[in-house]
Amino acid sequence: MIDKINWKYVLGFYGLAIVLAFPFNSFLTSDIHHRLTAGTIFYKSVFLPAGLVTLVVGLLALRFDKSIIKEITFLGQHKSKNIIISLVPLVVFTISGLQNDNNINPNLFGFLISLTFLIYALTEEIFWRGYLINAFRPLGRFKNYLLLGMLWWLWHIPFNFDNGFISFFLLIVGGSFLIGKFAEATKSFLTTAGIHSIMNIGSNTNWTKTFVIDLTIIFVAMFIIDKTWKNETNDTEKHYS
């Protein structure tokens, strides 16, 4: 069993992700993005192309770094369950609807924005939870989640010091622990993309009372699905053992 971190690959791929995503995370491409997306739901999301960077780098890292044990995979051990869990935010926000400035029906907008951010989150998660969380397994869970959270936070530089610098730090690093625990529970980075998408939606939506209720429903539903499905699987295994 390989129990060492291949820092050459980890730092190399992370550095590549930092450099290639910098133009998008630093808003250097905001003018061209706004011209291309004027009047669409993508207008405010200048960062979206950065997901293509983590997608490509993540695929390369998983392809070339043979030192990692891929405990967290795309669909995990229970494929149907994990697909359903990942779609919970999309279902809830589609039914409840999300208010918007594009004059789009709230239910349709809820569906479109949830689908967009789920796909975007997946392009990020293939690197953060598909590759790095597996690469950092020898560190133990706490150091793994903390280091991954710090690297995830730094990837977003430059930071806007006038717009919630500390709150963004807490969101990303704290989110790393939440997502890490969920990745360990489901063994899937598709499910973590579902949670990641909620973070993106929350940062691009007004926090109304309805939205907070939706968030509560989403997390409770995800928890119940994971625990109930797991218990049913365990009961079946005990029955046939």
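For the structure itself, consult the block above.
Caption draft 1: Looking closely at the overall build of the protein chain. Counting its secondary structure elements, the protein chain contains 9 helices and 0 strands. Starting at the N terminus and walking to the C terminus, you meet the elements of the protein chain as α-α-α-α-α-α-α-α-α. At 18 Å, the protein chain has a C-alpha radius of gyration in line with the 18 Å of a compact globule built from 241 residues. Taking the principal axes of its C-alpha atoms as reference, the protein chain extends roughly 55 × 45 × 30 Å. For the protein chain, the proportion of its 241 residues judged to be buried stands at 45%. For the protein chain, the share of sequence-separated contacts (at least 6 apart) that also reach a separation of at least 24 residues comes to 74%. Summing over all exposed atoms, the protein chain offers an accessible surface of approximately 12,700 Å²; the carbon and sulfur share of this is 67%. If you average the places of the 19 positive and of the 14 negative side-chain charges in the protein chain, the two averages end up 6 Å apart.

Caption draft 2: Molecular detail of the packing of aromatic side chains. Scanning the entire structure with this criterion turns up 16 aromatic pairs. Aromatic pair Phe47 and Tyr120: ring centres 5.2 Å apart, planes at 70°, arrangement edge-to-face. Of this pair, Phe47 sits in the loop between helix H2 (30-37) and helix H3 (50-64) while Tyr120 sits in helix H5 (residues 106-135), and the two are 73 residues apart along the sequence. Residue Tyr120 is classed as buried on the basis of its relative accessible area, which comes to 5%. Relative to Phe211, the ring of Trp207 lies with its centre 5.1 Å away and its plane at 70°, an arrangement referred to as edge-to-face. Through pairs of rings, three or more aromatic residues link up here, namely Tyr9, Phe13, Tyr14, Phe127, Trp128, Tyr131, Trp152 and Trp155. The ring of Phe64 has Arg63 sitting right over it, with the charged end atom 5.3 Å from the ring centre.

What counts and how
Residues numbered from 1 in each chain as written. Predicted model: local features only at pLDDT ≥ 70, side-chain atom pairs only at ≥ 80, totals over all residues. Heavy atoms only, no water. Helix = DSSP H or I, 4+ residues; strand = E, 2+ residues; numbered from the N terminus. Rg over C-alpha atoms; globule rule 2.2 N^0.38 Å. Buried < 20%, exposed > 50% of the residue type's maximum accessible area, 1.4 Å probe, protein only. Contact = heavy atoms within 4.5 Å. Areas by Shrake-Rupley, 256 points an atom, 1.4 Å probe, with all protein chains shown as cover. Lys, Arg positive; Asp, Glu negative; His and termini not counted. Charge placed at Lys NZ, Arg CZ, Asp CG, Glu CD. Phe/Tyr/Trp six-rings, centres within 6.5 Å; stacked < 30°, edge-to-face > 60°. Lys NZ or Arg CZ within 6 Å of the ring centre and 35° of its normal.

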